[in-house]
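Residue-level structural notes
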Amino acid sequence: MKHITCINQALEAGAIDQQMADEILSDIQAYAAQLRRTGEVQAESLAAEMALQKMAEIKQRAKHHKALSILKNKTNLEFIQSYEGDRGILSLLTFDLIRTRTPAKEKGVMSLLTKDLLVHQGRTPWANVDYRSKSIEGVAHGKFTKGLEALHTTRFGLKQDRVTLKATVKELFGESSQNPKAKEAAKGFSEAAEYLRERFNRAGGYIPKRDDWGLPQSHNSSRVAKASEDEWVGYVKPMLNREKMTDDAGVPLTDKAFDEGVRQAYWTIVNRGMSAQKAGAFKGNRLGNKHMESRFLVFNNADNWVKYQERFGEPDIFSTMTGHIRNMSHEVAMLEVLGPNPKQAFNYLKDMAGLEGKKSVGLLDATYKVVSGEADAIAEGTMHNAVAQTLGTVRHGLVAAQLGSAAITAISDPVFAKMTHAYNGIPAVKMTQQILKQLNPVSDADRAWAAHMGLVANAWTHRATASARFAGEVDPNAVGQKASEAVIRASGLAQWTQAHRNAFGLDFQWHLANQIDKPLNKVEDKFQAMLRRYGVTDEIWEVARKAPLEERNGTRYFRPENIQQIEGIQPRMADEYSAKILDAINTEMDFANPMPDARVRAIMTGGGSQRGTFAGETARMTMMYKGFATSVLTTHIMRGITRGWNGKFDLAYMPKLLVGLTIMGGLAIQLKDISKGKEPREINEDFLYAAMIQGGGTGILGDFIYQGVSGQSRFGHGLGTTLLGPGGGFVVDTMELGLSNTGELLSGEETNFGREMGNYMKRYTPGSSLWYTRLVTERMIFDEFQEWADPKAKANWRRLESRYKKEHGAEYWWSHKDTVPQF
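Procedures and definitions
- Residues numbered from 1 in each chain as written.
- Predicted model: local features only at pLDDT ≥ 70, side-chain atom pairs only at ≥ 80, totals over all residues.
- Heavy atoms only, no water.
- Helix = DSSP H or I, 4+ residues; strand = E, 2+ residues; numbered from the N terminus.
- Buried < 20%, exposed > 50% of the residue type's maximum accessible area, 1.4 Å probe, protein only.
- Contact = heavy atoms within 4.5 Å.
- Areas by Shrake-Rupley, 256 points an atom, 1.4 Å probe, with all protein chains shown as cover.
- Salt bridge = Lys/Arg side-chain N within 4 Å of Asp/Glu carboxyl O.
- Axes fitted to C-alpha atoms, helices over the stretch in contact; angles between N-to-C directions.
- Parallel < 35°, antiparallel > 145°, perpendicular 65-115°, else oblique.
- Nonpolar A, V, L, I, M, F, W, Y, C, P; charged D, E, K, R; others polar.
- Left-handed = near helix turned anticlockwise from the far one by under 90°.
- Phe/Tyr/Trp six-rings, centres within 6.5 Å; stacked < 30°, edge-to-face > 60°.
- Lys NZ or Arg CZ within 6 Å of the ring centre and 35° of its normal.
- Patch = residues over 30% accessible without salt bridge, like charges linked within 9 Å, V, L, I, M, F, W, Y side chains within 5 Å.
- Polar contact = N/O pair within 3.5 Å; in protein donor to acceptor, adjacent residues only side chain to side chain.
- Core = buried A, V, L, I, M, F, W, Y, C linked by side-chain atoms within 4.5 Å.
- pLDDT = per-residue confidence, 0-100.

Before going further, it helps to examine the overall build of the chain. Within the chain, the regular secondary structure consists of 39 helices and two strands. Counting over 823 residues, the chain shows a buried share of 56%. For the chain, long-range pairs separated by at least 24 residues make up 72% of all intrachain contacts whose partners lie at least 6 apart in sequence. Of the roughly 35,000 Å² of accessible surface on the chain, 56% is carried by carbon and sulfur atoms.

Shown next as structure tokens:
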């Protein structure tokens, strides 16, 4: 055949190598088989043309990726080299415990991954992966708003409209469901997914458009591994659309390739390969080519897709949809900031900055593991998977049992929000009004409006976001997730957190709309300085001024996504310009409502260690409930003790912050005591110390300062056990409950099993700490049990109440010995 002769001649001339020749011949065979099925008489010659065209496109993409990588590396290297020194910041505050200060170039590389600790000084007007991904996700949520509103869980996360969810899947597969809400939700998801695909490609990726693509597949490697290869392949094959399945370059599959591809998919999933990993967990492959293999399996209808998800994937359809948006947003951010091969780019930048191979850059490497998704993945191996699932379930149980009153701790949020408003020159006159609207329990309209405006709908999509502020790293997929979610929502923490974040974002966009008529150099000083330090230049501002404003209830807002609507603007330019403004909103939002960023998460995961490993699980257990305090340290404390945007120290910042947090912390302590049946404490010097620390989110440390190092924390533990974290406390309590009492029983000593069992149940029963039901539950259930099981219960209660009166000058308004309160 003529094409074989041509390929052999090219091979002999050295124009192509043997591997390329084999690939071309294989493609010709596949294309020819497809064409022959359609009756094409010139199948061989047409197939040869198609194969050569495909090879030319692949080579062109490779050149394009290489050029993009060179340009992106050059730009990022210039950013790093322009980063200034730290002006003597203490090593402890920069988490550099080895040297006196972290080199500027290392901080420059870090600033490409997450926000700089001195972002308020305007040294890093470029994008970082951490916050760019949030900006992109917010835009996608704006397109999927109707679906988010219709499909999110309700009733504390325990109820969901499954009928509409499954109808939405039908619509996405091109099947009519006769359900208007499902049709609208499917339309919104398709628009969001297509936007992300196009932006992924604009940033250097390659995902060809496929009109029949409905939903991504998620695979649970543990479930798949329980089935044999033949069992899984036999189950999946009849459910697939054979004609629409292609290889990673869109070439139709031969029968042999189809069978081999499905079998390879099994092992890829079981071994937690690329298709089963979190976004960004690259193993040397280009991110730009990543999604070809993730689209390999094509189900022939909605019912089969759902059946597969329920047996081998993620049965929560809504989580699959929002997870796709989140993962794609993250991958686009990786491309936009680091280029087509992020891992290679990161190592190159470290090498050029003189950091490659240095042990002292541990936090930098750990932060990359977080932003790349590696830290979120479970380490390979059956044992690692079992450990991760078990301890993930334990953490969910601890959250469900112990964070029912975290909403009271979050009462200090308005202080952070007010400080952030003032620092950036954003009037706070609408803040309270916005918060109340966002908290409206009878209507989702205001929350949907916030999503439409490009603010990430965390409360509707990220089940662990609110608890992550205090609990730390909680696996959203582990058993027990629904219990912890129910408690966090029932406590009001999820709604409170989202309300404050949305309120700040809308206040920002409202003020932006009021300033948009002016040239940037005429905008109020603080607000102008904030925009400039996030990279909003005069050029970007002039373009943004042409974008149409949004209006709601007589109030105008600036929606960054509307820059896409400006006539004549290039999509890539619109992406970058709108993202600059959203980057500013999302970063400052984490000041207004402190949340762990990638740097903090790197610390809390033991240096970005994977789940299931000893280091990773130990860190996640130990660092529980420490994320909020660490976030406050890396945001407001850093902002308060360093020079501001104008190069001067704001001497009033820290006093204002401390006064506000002390007042709100004191209120939190009193409210917690009241919820436990105690009268408010006397206000004295010790109380003020505890209130100040409580307001900053370090309530456990506040317990020790108030009660003394020899005393107990809120969970009844001493200093040593408390330093191990709630997970360590749980292990100690469990061992003491079993081993100690067994030893005492065998030695003939008197045991305290009844008392310890009562305390154990009270401490670790899910929902027992819910602030508005905890007291009734304690008095009517746990105290009744303890009185029955422990003969000395009443004597112990009397000592406890006497000690409280002596130390705090107050009594119990509902005593342990009383069935009902005695006022």
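On to the pattern of salt bridges, then. With the rule as written, the count across this model stands at 44 salt bridges. Between Arg263 and Asp259 there is a salt bridge, and its shortest N-O distance comes to 3.2 Å. Taken together, the positions of Arg263 and Asp259, both in helix 11 (residues 255-270) and four residues apart, correspond to about one turn of that helix. Members of the salt-bridge network, linked through shared partners, are Arg132, Arg199, Arg202, Glu336, Asp575, Glu576, Lys580 and Asp583.

Burial analysis of helix 21 (residues 445-452) places six of its eight residues in the buried class, which makes it a mostly covered element. Taken as a whole, helix 21 has its buried residues at Asp446, Arg447, Ala448, Trp449, Ala450 and Ala451. Phi turns positive one or two residues past the end of helix 21, at Gly454, with a value near 95°.

Note that Ala388 resides in helix 17 (residues 382-402). With 11 residues separating them in the primary sequence, Ala388 and Ala377 have C-alpha atoms 9.8 Å apart. When residues no more than four places from it in sequence are discounted, the contact partners of Ala388 are Ile378, Arg611, Gly612 and Glu617.

Orientation of helix 19 (residues 413-423) relative to helix 28 (residues 571-592), taken along the N-to-C sense of each, is 135°, at an axis distance of 7 Å. Of the possible angle classes, the one that applies to helix 19 and helix 28 is oblique. On the side of helix 19, the interface is formed by Asp413, Phe416, Ala417 and Thr420, while helix 28 contributes Glu588, Phe591 and Ala592. Residues of the contact of helix 19 with helix 28, tallied by class, amount to four nonpolar, one polar and two charged.

Even without being glycine, Gln178 reaches a positive phi, approximately 60°. Turning to its location among the elements, Gln178 is positioned in the loop between helix 7 (162-172) and helix 8 (180-202). Owing to a relative accessible area of 71%, Gln178 belongs among the exposed residues under this scheme. For Tyr625, which is not a glycine, the phi torsion comes out positive at approximately 70°. Secondary-structure assignment places Tyr625 in the loop between helix 30 (614-622) and helix 31 (627-641).

Another point: the packing of helix 19 against helix 31. With their axes 12 Å apart at the nearest point, helix 19 and helix 31 run at an angle of 30° to one another. When the interaxial angle is binned, helix 19 and helix 31 end up roughly parallel. The two elements helix 19 and helix 31 cross, and the hand of that crossing is left-handed. Taking contact as the criterion, the partners of Asp413, Phe416, Met419, Thr420 and Tyr423 in helix 19 are, on helix 31, Phe628, Val632, His636 and Arg639. A per-class count over the contact of helix 19 with helix 31 returns five nonpolar, two polar and two charged.

The next point concerns the packing of aromatic side chains. Scanning all chains against the criterion turns up 22 aromatic pairs. Here Tyr266 and Trp267 contribute two aromatic rings whose centre-to-centre distance is 4.9 Å and whose plane-to-plane angle is 85°, an arrangement assigned as edge-to-face. With relative accessibility at 4%, the residue Tyr266 sits in the buried group. The exposure class of Trp267 is partly exposed, given its relative accessible area of 37%. Note on Phe299 and Tyr308: the rings are 5.3 Å apart at their centroids and 45° apart in plane angle, and the pair reads as tilted. Owing to a relative accessible area of 0%, Tyr308 belongs among the buried residues under this scheme. Members of the aromatic cluster, connected to one another through ring pairs, are Trp232, Tyr235, Tyr266, Trp267, Phe299, Tyr308 and Phe312. Seen from the ring of Trp510, Lys430 lies directly overhead, with NZ or CZ sitting 5.5 Å from the centre. In this arrangement the basic side chain of Arg639 is found over the ring face of Tyr423, its NZ or CZ atom lying 4.2 Å from the centre.

The next thing to look at is helix 7. Within helix 7, the full set of buried residues consists of Thr164, Leu165, Ala167, Thr168, Val169, Glu171 and Leu172. In the core, the buried residues of helix 7 are packed alongside helix 6 (145-151), helix 8, helix 13 (302-312) and helix 14 (317-338). Within two residues after helix 7, Gly174 carries a phi angle of roughly 80°, on the positive side.

A contiguous nonpolar surface patch, about 420 Å² in accessible area, is contributed by Phe156, Leu158, Trp771 and Tyr772. A residue is classified by how much of its surface remains accessible, and Phe156, at 41% relative accessible area, is partly exposed.

Moving on, we come to the environment of Ser111. Considering the arrangement of structural elements, one finds Ser111 in the loop between helix 4 (104-110) and helix 5 (129-143). Here the alpha-carbon distance between Ser111 and Leu364, two residues 253 residues apart in the chain, equals 9.8 Å. Not counting residues within four places of it along the chain, the set of residues in contact with Ser111 comprises Asp116, Thr124, Trp126, Ala127 and Asn128. Side-chain polar atoms of Ser111 contact the backbone oxygen of Gly108, separated by 2.6 Å. Among the polar contacts made by the side chain of Ser111, one reaches the side chain of Trp126 at a distance of 2.9 Å.

Looking now at the nonpolar core. One broad rule of soluble globular proteins: the nonpolar side chains tend to lie buried together. In this structure, Trp232, Phe508 and Ile563 are the most contacted members of the largest nonpolar core, which totals 130 residues. Of the residues forming this core, the biggest block, 11 residues, is contributed by helix 14. Counting residues in hydrophobic clusters, the runner-up holds 33 residues, among them Ile411, Phe470, Val632 and Met664.

If you trace the backbone, Arg199 turns up in helix 8. Sequence separation between Arg199 and Pro571 is 372 residues; the distance between their C-alpha atoms is 8.5 Å. If near-sequence neighbours (up to four positions away) are discounted, Arg199 is found in contact with Arg132, Ile136, Val332, Glu336, Asp575 and Ala579.

Below, the discussion takes up the side chain of Arg611. With respect to the helices, strands and loops of the structure, Arg611 is situated in the loop between helix 29 (598-604) and helix 30. We classify Arg611 as buried; its relative accessible area is 9%. Sequence-distant contacts of Arg611, defined by excluding residues within four places in its chain, comprise Ala375, Asp376, Ala377, Ile378, Ala379, Ala388, Asp475, Glu617 and Arg620.

This brings us to the confidence of the model for the chain. When pLDDT is averaged along the chain, the result is 84, and 85% of the positions lie at 70 or above. Predicted confidence for residues 86-100 stays below pLDDT 50, and this span has 35 contacts to residues more than four positions away or in other chains. Overall, residues 700-711 carries pLDDT values under 50, and its contacts beyond four positions in sequence, including any with other chains, amount to 33 contacts.

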